[in-house]
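Now for the letters of each chain:
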Amino acid sequence: MNNFLFENGTKFLFGGGCVKEYLSSFLTGYGPSVLLVTDGGDGPSGAADEARDILRRSGKQTAECIVGPFCPRYEQVQQAARLCRERHVDLILGVGGSAVLDGCKAASLAAVCRGDLWENFGELQGVVDVPPLPVGFVASHLEAGAINGAAGLIHENQCVWRDYPPCDPQFALLDPGYTRKLPRQLLTAQGFSALAGALEQYLTPADGMGVSHELLETLMRGMVQDLRVCRTIPSDEDARSNLMWRCALWGSRFFQLGRRFSFPPLPLREAAILSSSDWVEYVGALAVLLLVHCRREAERHPDVLAQLAHRVWEVPETGQDEREAAQTGVRAFADFLRELELPTEHSELDDTLRCHLKRSVTAQNLLVYTA
């Protein structure tokens, strides 16, 4: 394992009613000007409206901007940064999911950095030598992204993830009650998005990450179990709460400790993001790409896929060699995708999505699998 420094400066509050009870007390620690960042649609949760009401009653002067849907775009972040400078913003408050959180982190840096955000902190990894604007976050999605980890940014059809601990939110409020009215298809999509992120990260080769991989295995096994319960018993509050917390953990730098380099690229996630226009397309593309990747890795690295099969898909450890266990695990993953009513083959995707996906992945051959 390589040397590392672990930093986590976020105060987490998790539980029903935590936003209504505690958000106003957090707001007292900041000045009067707040930028509220959302994904543009409050949906059934009512989280953004509740935050607006608390901001108003707290006497805050609020400006708003929208980012998303799956990852913030450079233009959206620049607009948020301009509002921060023009309104002399004291706090950036995000209400939503992973795209909103990533947008808040990027805007907190863009508002104060010298030079261009993409050139200095996107394409390169410049040193953060000025304090970013403080960020707060209210999760209204199951897929909250990396609260303490890398943030994604899209620029000219390219997506990168960069991890700057000073941009982490000062506080994060996670109320599982906001997910209660999510339609089953959207709940599945958001939960699978987090599971897919953990799986792609797990399959990225890295020396010295044995402990992190074992922790990811436990996290993914729990996600699979909770997703199954949530689909069959949507009213199970405990399973949905567990799933929300697990989904908030997958991108944490806690699972990167010991890695020789920074947060890894996630080409499958990038291709799905750049090809899709809604959650159904996004998780469909992600499911197909991940299954192809797992089939390929079962041939290249059967030891890794065999371990995944035993510890996540609960394939028995007796009676099969590594290659056979790896293939059994891949079949178990395909069965799980069908259980979630997600596609397993490129031919099952919509024609338009197939066309967009083919353009996104051509250079990396992500869709090609040769048994």
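Per an unreviewed UniProt entry, the protein chain goes by the name Iron-containing alcohol dehydrogenase and belongs to Pseudoflavonifractor capillosus.

Participant: Would you mind showing me how to read the pattern of salt bridges here?
Facilitator: Pairing of side chains with opposite charge becomes possible as their charged atoms draw close. A full pass over the atoms with the stated rule returns 21 salt bridges. Put simply, R180 and E237 hold a salt bridge, and the shortest N to O gap is 2.9 Å. In this pair, R180 sits in the loop between β8 (171-174) and α6 (184-202) while E237 sits in helix α8 (residues 237-247), placing the two residues 57 residues apart along the sequence. Several salt bridges share partner residues, and in doing so they unite K105, D163, D168 and R253 into one network.

Participant: Explain the environment of Q256 to me, please; I cannot follow it from the model alone.
Facilitator: If you trace the backbone, Q256 turns up in the loop between α8 and α9 (267-275). Residues Q256 and S212, 44 residues apart in the sequence, show an inter-C-alpha distance of 6.6 Å.

Participant: Mind showing me how you'd approach unusual backbone geometry here?
Facilitator: Trans is the common state for peptide bonds, and a negative phi is the common state for residues other than glycine. The linkage connecting G68 with the following residue, P69, adopts the cis geometry, with an omega of 15 degrees. Its place among the elements puts P69 in the loop between β3 (61-66) and α3 (74-86). Positive phi, close to 50 degrees, is recorded for H88, a residue that is not glycine. Residue position: H88 is located in the loop between α3 and β4 (91-96). Residue classification places H88 among the exposed residues on the basis of a relative accessible area of 62%. The phi dihedral of N157 falls on the positive side, at around 60 degrees, and the residue is not glycine.

Participant: What is the right way to look at the packing of helix α11 (residues 302-311) against helix α12 (residues 322-339) in this model?
Facilitator: Helix packing for two helices is described by the angle between their axes and how far apart those axes are. Running from N to C, α11 and α12 point in directions that differ by 55 degrees, and their axes come no closer than 7 Å. Between α11 and α12, the angle is such that the two are oblique. As for how α11 packs across α12, the hand of that crossing is left-handed. Of the residues in α12, those in contact with P302, D303, L305, A306, A309 and H310 of α11 are E322, R323, A325, A326, G329 and V330. Residue classes in the contact of α11 with α12 are distributed as seven nonpolar, two polar and three charged.

Participant: Looking at this structure, how should I read the sheet that holds strand β1 (residues 11-14)?
Facilitator: Strand pairing in a sheet relies on backbone hydrogen bonds. The paired strands run either parallel or antiparallel. Pairing is parallel across the open sheet formed by six strands, whose spatial order is β1-β8-β5-β4-β2-β3. Of all the strands in the sheet, just β1 and β3 have a single pairing partner and so form its edges. Averaged over all pairs of adjacent strands, the angle between their axes in this sheet comes to 15 degrees, without regard to strand direction. Seen against the sheet, α3 touches β2 (33-38), β3 and β4 and runs at an angle of roughly 170 degrees to β3.

About the thresholds
- All residue numbers refer to position in the chain's written sequence, counted from 1.
- Local features in this predicted model are restricted to residues of pLDDT 70 or higher, and side-chain atom pairs are both shown and tallied only at a pLDDT of 80 or more, whereas totals for entire chains, interfaces and linings draw on every residue.
- For the side-chain quantities, the full set of heavy atoms in the structure was used; hydrogens and water were omitted.
- A side-chain nitrogen of Lys or Arg and a carboxyl oxygen of Asp or Glu constitute a salt bridge if their distance falls within 4 Å.
- Strands here are runs of E lasting at least two residues and helices are runs of H or I lasting at least four, both read from the DSSP assignment and numbered beginning at the N terminus.
- Residue exposure (1.4 Å probe, protein chains only): buried if accessible area is under 20% of the type maximum, exposed if over 50%, otherwise partly exposed.
- Axis definition: a line fit to C-alpha positions, over the contact stretch in the case of helices; interaxial angles, taken between N-to-C directions, run 0 to 180 degrees.
- Here roughly perpendicular refers to angles of 65 to 115 degrees, roughly parallel to angles under 35, roughly antiparallel to angles over 145, and oblique to all remaining angles.
- Crossing handedness is read from the near helix: turned anticlockwise from the far helix by less than a right angle, it gives a left-handed crossing, and turned clockwise, a right-handed one.
- Here, two residues are considered to be in contact whenever any of their heavy atoms come within 4.5 Å of each other.
- Residue polarity is assigned by list, with Asp, Glu, Lys and Arg as charged and Ala, Val, Leu, Ile, Met, Phe, Trp, Tyr, Cys and Pro as nonpolar; anything else, Gly included, falls into the polar class.
- Two strands qualify as a pair provided that DSSP identifies no fewer than 2 bridges between them.

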